[in-house]
Structure formats: structure tokens, C-alpha cells
Amino acid sequence: MSSEVQQQIQQDWENREFIEIVSQGIKKIAEFLNDFDMSCRSRIAKINEQLTSLEQKVEYIEGRVSRDCLSLPITFPNWIPVGVNMQTLSNGWAIFSPSPQHNTNPNTPHLLPST
């Protein structure tokens with residue numbers, strides 16, 4: 001064989017090796033991207049389930065609070081803010097109004113016992 005033919009054969013093998021290396025690199029990238037996609041989909045599905053569960057809990061709590069606020073009489077603590085008068089009506093409702101003798105001194109406690 002002539003040296004030119006041998007050179008062409010050598011070049012052909014080098015090209016084939018290069019193509020094989022590039023092909024393997026592309027396959028590895030594709031495998032990584034597929035694995036990453038599956039991992040992300042799995043995590044997103046899990047987060048979606050958790051979010052749905054939390055949304056259901058919030059809706060339940062909102063319903064309970066709404067129902068409880070509408071059906072139960074309002075009870076007030078033994079303490080009311082300073083500077084606020086509270087008048088309880090016979091139907092269980094209360095009226096809050098500013099106290100005319102409210103002291104605006106910052107050292108005054110913010111809560112006083114209700115009467």
C-alpha cells in the first residue's frame with residue numbers, strides 16, 4: 001500500500017474515533033438530562049401533593065373560622081387595651097369606643113383589667 005492510502009486509512013480511523021467519542025459524550029448528556037428530568041418531575045409531583053394538602057388544610061381552617069365566627073358568641077378576654085371602653089350588649093355583641101380620659105404616656109401599661 002502506498003503511504004497516501006495508509007494516511008487516508010489512519011485519518012479515517014481518527015475520524016471514527018472522534019465521532020465515537022462525540023457520540024458517547026452526547027449519549028451521556030442525554031442520559032443526564034433524562035435522569036434530571038425524571039428527578040425534577042418526581043420532586044415537583046411530591047411538592048404539588050404537599051401544596052394540595054396544605055391548600056385543603058387552609059380551606060378547612062378558613063371554613064371552621066368562618067363558621068365559628070358566625071355561629072358562636074364572641075367572648076372577650078379579661079384584658080382590654082388601654083384607652084378603649086367596651087360596652088357589652090344583651091345580645092352578646094360588644095361596642096368598643098375610645099376612652100376620653102386615655103393617657104398617651106408611653107410608660108402606661110397597654111392592657112388594663114376589664115370591668
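Residues numbered from 1 in each chain as written. Predicted model: local features only at pLDDT ≥ 70, side-chain atom pairs only at ≥ 80, totals over all residues. Heavy atoms only, no water.

Concerning the overall build of the protein
Part 1 of the reasoning: Summing up its helical and strand segments, the protein has 1 helix and 4 strands in all.
Part 2 of the reasoning: From first element to last, N terminus to C terminus, the protein shows the α and β order α-β-β-β-β.
Part 3 of the reasoning: Expressed as a percentage of its 115 residues, the buried residues of the protein come to 4%.
Part 4 of the reasoning: A separation threshold of at least 6 residues defines the contact pool for the protein, and within that pool the share at least 24 residues apart is 40%.
Part 5 of the reasoning: Surface accessibility of the protein: about 10600 Å² in total, with carbon and sulfur atoms responsible for 59%. (Helix = DSSP H or I, 4+ residues; strand = E, 2+ residues; numbered from the N terminus. Buried < 20%, exposed > 50% of the residue type's maximum accessible area, 1.4 Å probe, protein only. Contact = heavy atoms within 4.5 Å. Areas by Shrake-Rupley, 256 points an atom, 1.4 Å probe, with all protein chains shown as cover.)

Observations regarding the confidence of the model for the protein
Part 1 of the reasoning: Per-residue pLDDT for the protein has a mean of 77; in total, 57% of the residues score no lower than 70.
Part 2 of the reasoning: The least confident element of the protein is strand S4 (residues 111–113), whose mean pLDDT is 44; the most confident is helix H1 (residues 3–71), at 91. (pLDDT = per-residue confidence, 0-100.)

Remarks on the pattern of salt bridges
Part 1 of the reasoning: In the structure shown here, the tally under the stated rule is 2 salt bridges.
Part 2 of the reasoning: With a closest N to O distance of 2.9 Å, Arg 41 and Asp 37 form a salt bridge. Residue Arg 41 and its partner Asp 37 are located together in helix H1, separated by 4 residues, close to a single helical turn.
Part 3 of the reasoning: Here Asp 37 falls in the partly exposed class, since its relative accessible area comes to 31%. (Salt bridge = Lys/Arg side-chain N within 4 Å of Asp/Glu carboxyl O.)

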